[in-house]
Amino acid sequence: MPEYEFIDVYVPRGVSRKEAARLLTDHAEYGHWELDRLTLRLDGSRRVRLRRRIIRQLRATW
C-alpha cells in the first residue's frame, strides 16, 4: 500500500480561478504534488489538499 504525505493550501476568495489553477500547476510540476481534495467554502475561498507519494528506499545488504 503506498504511503502519501499531504499539504493543505488555502486559496483566498479574491484569487481568480485562473490564478488558482496556475498555483496548483506549479505545485504539481515542481513539487510532484497531485490533487487529493478541493473544498469550496461558503465565503468563496478554497481549501486544497495535495498529496505526493513517499518513496522509501530499502537498504542494500551485502
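Keep in mind the model is a prediction, meaning the values are calculated, not measured. (Residues numbered from 1 in each chain as written. Predicted model: local features only at pLDDT ≥ 70, side-chain atom pairs only at ≥ 80, totals over all residues. Heavy atoms only, no water.)

## Digging into the nonpolar core
Then step 1. Counting residues in each nonpolar core, the largest one holds six residues, listed as V9, V11, A20, W33, V48 and L50.
Then step 2. When residues of this core are traced back to their parent elements, those giving at least two are β1 (3–11) and β3 (46–54).
Then step 3. In this view, V9 contacts L23, H27, R46, R47, V48 and L50; residues no more than four positions away in its chain are not counted. (Core = buried A, V, L, I, M, F, W, Y, C linked by side-chain atoms within 4.5 Å. Buried < 20%, exposed > 50% of the residue type's maximum accessible area, 1.4 Å probe, protein only. Helix = DSSP H or I, 4+ residues; strand = E, 2+ residues; numbered from the N terminus. Contact = heavy atoms within 4.5 Å.)

## Observations concerning the pairing of β3
Within a regular strand, side chains alternate between the sheet's two faces.
Then step 1. Across nine bridges, the pairing between β1 and β3 is antiparallel. Of the residues in β3, the one forming a bridge with E3 is I54.
Then step 2. In this structure, the hairpin formed by strand β2 (residues 34–40) and β3 is closed by a connection of five residues, where G44 is found at a positive phi of approximately 95°. (Pairing = 2+ DSSP bridges.)

## Focus on a nonpolar patch on the surface
Then step 1. On the surface, L35, L38 and L40 cluster together into a nonpolar patch covering about 310 Å² of accessible area.
Then step 2. Residue placement: L35 occurs in strand β2.
Then step 3. Accessibility expressed as a relative area gives 51% for L35, which makes it exposed. (Patch = residues over 30% accessible without salt bridge, like charges linked within 9 Å, V, L, I, M, F, W, Y side chains within 5 Å. Areas by Shrake-Rupley, 256 points an atom, 1.4 Å probe, with all protein chains shown as cover. Salt bridge = Lys/Arg side-chain N within 4 Å of Asp/Glu carboxyl O.)

## Looking at the sheet that holds β2
Then step 1. Reading across the sheet, the three strands line up as β1-β3-β2 and stay open at both edges, with antiparallel pairing between neighbours. The open sheet has two free edges, formed respectively by β1 and β2, since each of these has just one partner strand. Recorded for the sheet is a direction-independent mean angle of 20° between the axes of neighbouring strands. (Axes fitted to C-alpha atoms, helices over the stretch in contact; angles between N-to-C directions.)

## Observations regarding helix α1 (residues 17–31)
One full turn of an α-helix is made of 3.6 residues, so residues set three or four places apart face in the same direction.
Then step 1. Over its 15 residues, α1 extends 21 Å from the first C-alpha to the last, a length consistent with the 21 Å expected when each residue adds 1.5 Å.
Then step 2. Looking one or two residues beyond α1, the residue adopting positive phi is H32, at roughly 60°. (Expected span 1.5 Å × (residues − 1).)

## Looking at the pattern of salt bridges
Then step 1. Under the counting rule described, the total for this entry stands at six salt bridges.
Then step 2. For E5, the salt bridge goes to R52, with nearest N and O atoms at 2.9 Å. Remark: R52 occurs in strand β3 and E5 occurs in strand β1; sequence separation between them is 47 residues.
Then step 3. Residue classification places E5 among the partly exposed residues on the basis of a relative accessible area of 32%.

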